Amino acid sequence: MSNTNFNSIAPVYDGLSRLVFGNALRRAQVAHLSLIPAKANVLLIGGGSGWLLEQLLRYSPLVKVTYLEASEKMLKMTRRRIGQRTPAALPNITFRLGTEDSLQYGETYDVILTPFLLDLFPDERLVYLMDRLCAALHPQGLWLFSDFWPTQVPAPAWHRLLLRSMYTFFGKVSQVSATRLPDFDRHFARLPLYELEATAFYGGLVQAKVYRKV
């Protein structure tokens, strides 16, 4: 199961995102942070350069975080960012280079965040990833999802064109193996989760959702 590699565009990734989407993707990522319990044990996987981690620590400075990132450059950027801006939080953060396979046996969390991560993988890999994450989530734990998930079915033409362009670009520069959006409805429906909240952004192309584990 191959993994993506954002090392090559790590320094410019945030700038590219804001150039295309403005603040929409950032707004989606923070939409439900207020639901995280004050002293939760949190897994943030695929957090990129650390912007979301910084926001999480502002909302909930007492949380304990495992920051799991597959890009070595992104992980270094995150360490530097937090060290410069919220150094007091460093003792409560475990920085870990790797994928879901880096989760240790019996390791469980109160909250899992997957910011614009799940759209990167084809179905077989996504099933494996989501199963691993769900197994690591405590009963009654929260899964905060933010990603591209059109609210309209079928999606408008401009949604489809933009998504096709993104998959072509990231497939070339970052080895993203997926070529289209997963059927997120189907993938979440098979897991012991129920939806608590949902908010749409960027003309309905992006959604932020909160699931609770049964």
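Just so you know, these numbers come straight off a predicted model, no measurement behind them. (Residues numbered from 1 in each chain as written. Predicted model: local features only at pLDDT ≥ 70, side-chain atom pairs only at ≥ 80, totals over all residues. Heavy atoms only, no water.)

(A) Expanded view of the overall build of the chain. Counting its regular elements, the chain contains 7 helices and 7 strands. The N-to-C order of helical and strand elements in the chain reads α-α-β-α-β-α-β-β-α-β-α-α-β-β. Its C-alpha atoms give the chain principal-axis dimensions of roughly 45 × 40 × 30 Å. Within the chain, buried positions represent 53% of all 214 residues. Nonlocal contacts in the chain, meaning residues at least 24 apart in sequence, comprise 74% of its contacts between residues at least 6 apart. Surface exposure of the chain reaches about 10,200 Å², of which carbon and sulfur atoms provide 54%. Charged side chains of the chain number 24 positive and 17 negative; the gap between the two group centres comes to 6 Å. (Helix = DSSP H or I, 4+ residues; strand = E, 2+ residues; numbered from the N terminus. Buried < 20%, exposed > 50% of the residue type's maximum accessible area, 1.4 Å probe, protein only. Contact = heavy atoms within 4.5 Å. Areas by Shrake-Rupley, 256 points an atom, 1.4 Å probe, with all protein chains shown as cover. Lys, Arg positive; Asp, Glu negative; His and termini not counted. Charge placed at Lys NZ, Arg CZ, Asp CG, Glu CD.)

(B) Molecular detail of the packing of aromatic side chains. Within this structure, the stated rule accounts for 13 aromatic pairs. Arranged with centres 5.0 Å apart and planes meeting at 70°, the rings of F21 and Y202 form a pair that is edge-to-face. Here F21 is found in helix 1 (residues 13-21), whereas its partner Y202 is found in the loop between strand 6 (193-201) and strand 7 (206-213), with 181 residues between them in sequence. By relative accessible area, which is 8% here, F21 ends up buried. With relative accessibility at 28%, the residue Y202 sits in the partly exposed group. Taking 5.5 Å as the distance between ring centres and 45° as the angle between the ring planes, the aromatic pair formed by W149 and F184 counts as tilted. Taken together, the residues span a long stretch of sequence, with W149 in the loop between strand 5 (137-148) and helix 6 (157-173) and F184 in helix 7 (residues 184-189) at a distance of 35 residues. A relative accessible area of 9% places W149 in the buried class. (Phe/Tyr/Trp six-rings, centres within 6.5 Å; stacked < 30°, edge-to-face > 60°.)

(C) Highlighting the sheet that holds strand 2 (residues 64-69). Taken in spatial order, the 7 strands line up as 3-2-1-4-5-7-6 in an open sheet, and their pairing is mixed. The sheet is open, and its two edges are formed by strand 3 (93-97) and strand 6, each paired on a single side. Strand-to-strand twist across the sheet, computed as the mean angle between neighbouring axes with direction ignored, equals 15°. Sheet topology note: the strand 1 (residues 41-45)/strand 2 ladder contains 5 bridges and is parallel. Counterpart to I45 in the pairing with strand 2 is L68. (Pairing = 2+ DSSP bridges. Axes fitted to C-alpha atoms, helices over the stretch in contact; angles between N-to-C directions.)

(D) Examining the side chain of D119 more closely. Relative to the helices and strands, D119 is located in the loop between strand 4 (109-115) and helix 5 (123-135). Although buried, D119 forms no salt bridge, and the nearest oppositely charged side chain, R125, lies 12 Å from it. (Salt bridge = Lys/Arg side-chain N within 4 Å of Asp/Glu carboxyl O.)

(E) Region of interest: the pattern of salt bridges. Counted by the stated rule, this structure contains 11 salt bridges. Its salt-bridge partner being E54, residue R81 comes within 2.7 Å of it at the nearest N-O pair. With R81 in helix 4 (residues 72-85) and E54 in helix 3 (residues 51-59), this residue pair connects regions lying 27 residues apart in the sequence. R81 gets classed as buried once you look at its relative accessible area, which sits at 15%.

(F) Seen up close, the packing of helix 1 against helix 6. Contact geometry for helix 1 and helix 6: axes closest at 14 Å, N-to-C directions at 165°. By the criterion of interaxial angle, the relationship of helix 1 to helix 6 is roughly antiparallel. Note on packing geometry: the crossing formed by helix 1 with helix 6 is right-handed. Contacts between helix 1 and helix 6 pair Y13, L16, V20 and F21 from the former with L162, M166, F169 and F170 from the latter. (Parallel < 35°, antiparallel > 145°, perpendicular 65-115°, else oblique. Left-handed = near helix turned anticlockwise from the far one by under 90°.)

(G) Fine view of helix 3. For helix 3, the tally of buried residues reaches 7 of 9 residues, placing the bulk of the element in the interior. Summarising the contacts, the buried residues of helix 3 are in contact with helix 2 (24-30), strand 1, strand 2, helix 4, strand 3 and strand 4.

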